[in-house]
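# Observations on chain architecture
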Amino acid sequence: NCSNLIEVDLGNGVKNIGDYAFAYCDRLTSITIPDSVTTIGIDAFSNTCLEKVVIPEGVTTVDIHEFYSCPNLMSISLPKSIETLAEGAFGDCGNLMDVYYTGTEADKEAIVIGDDNAPLASAYWYVTPSNISWTLEDGVLTISGEGEMEFEKAPWGGQSASIEKAVIENGI
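Cut-offs applied
Residues numbered from 1 in each chain as written. Predicted model: local features only at pLDDT ≥ 70, side-chain atom pairs only at ≥ 80, totals over all residues. Heavy atoms only, no water. Helix = DSSP H or I, 4+ residues; strand = E, 2+ residues; numbered from the N terminus. Salt bridge = Lys/Arg side-chain N within 4 Å of Asp/Glu carboxyl O. Buried < 20%, exposed > 50% of the residue type's maximum accessible area, 1.4 Å probe, protein only. Disulfide = S-S within 2.5 Å. Pairing = 2+ DSSP bridges. Axes fitted to C-alpha atoms, helices over the stretch in contact; angles between N-to-C directions.

## Comments concerning the environment of Ser 130
For Ser 130, the position within the fold is in the loop between β11 (124-127) and β12 (132-137). Note: C-alpha distance between Ser 130 and Gly 145 (15 residues apart in sequence) is 8.9 Å.

## Regarding the pattern of salt bridges
As a working rule, side chains carrying opposite charge can pair if their charged atoms are close by. As enumerated under the stated definition, the model contains two salt bridges in all. Of the charged contacts in the structure, one is a salt bridge between Lys 80 and Asp 107, with a shortest N-O distance of 3.9 Å. With Lys 80 in the loop between β7 (75-78) and β8 (84-85) and Asp 107 in helix α1 (residues 105-109), this residue pair connects regions lying 27 residues apart in the sequence. Given the relative accessible area of 49%, Lys 80 is considered partly exposed.

## Brief notes about the state of the cysteines
Taken as a whole, this structure holds one disulfide when the rule is applied. The partner cysteine of Cys 2 in its disulfide is Cys 25, sulfur to sulfur 2.0 Å. Around the S-S axis, the bridge from Cys 2 to Cys 25 shows a dihedral of about -110 degrees and counts as left-handed. Residue Cys 2 is located in the segment before β1 (7-9), and its partner Cys 25 is located in the loop between β2 (16-17) and β3 (30-32); the two are separated by 23 residues in the primary sequence. With relative accessibility at 2%, the residue Cys 25 sits in the buried group. Its sulfur unpaired, Cys 49 is 7.9 Å from the next cysteine sulfur, which belongs to Cys 70. No disulfide involves Cys 70; its sulfur sits 4.9 Å from the nearest other cysteine sulfur, which is in Cys 93. Judged by its relative accessible area of 0%, Cys 70 is buried.

## Brief notes about the sheet that holds strand β14 (residues 165-168)
Strand pairing within a sheet occurs via backbone hydrogen bonds; the two strands may be parallel or antiparallel. Read from one edge of the open sheet, three strands run β12-β13-β14, paired in mixed fashion. The sheet is open, and its two borders are formed by β12 and β14, each paired with just one other strand. Each strand axis lies, on average, 15 degrees off the axis of its neighbour in the sheet, ignoring direction. Bridging between β12 and strand β13 (residues 140-145) involves six bridges; their strand directions are antiparallel.

Pasting the structure below:
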């Protein structure tokens, strides 16, 4: 019974979040998933009230119904490592507006998106331009590459609360 659970902060070192781990925790609004996590199970966060989610680099699949029916979910941050967004991963997330993706447009096109993920099609994807790369480690955002940064909203915007310092390298 998790009816009073509002926030979860998983410790660094946690590698897997099991199937149904937080499903139906209907008051859960916040989850911190550490970079050590590489696998998140089926329905792990379905039917919660999460508002935003940052999936760490290294996770390759958002599993079946992982965030299904999360009515308050407005933004997600997906790493370049994502290869599959399984059936219903974000199904029935009618308020999903923003997807922050760390890969390029070509990387995005290679992602396999399963059925029942209509909110992903209607959300705006903020994608890293091919001439730019960026990392966010220990609160430091580092932007590198060549040329101008041309995008309406920054692809790291979904993680802006974690940024304490920005380093823009020569060439930008």
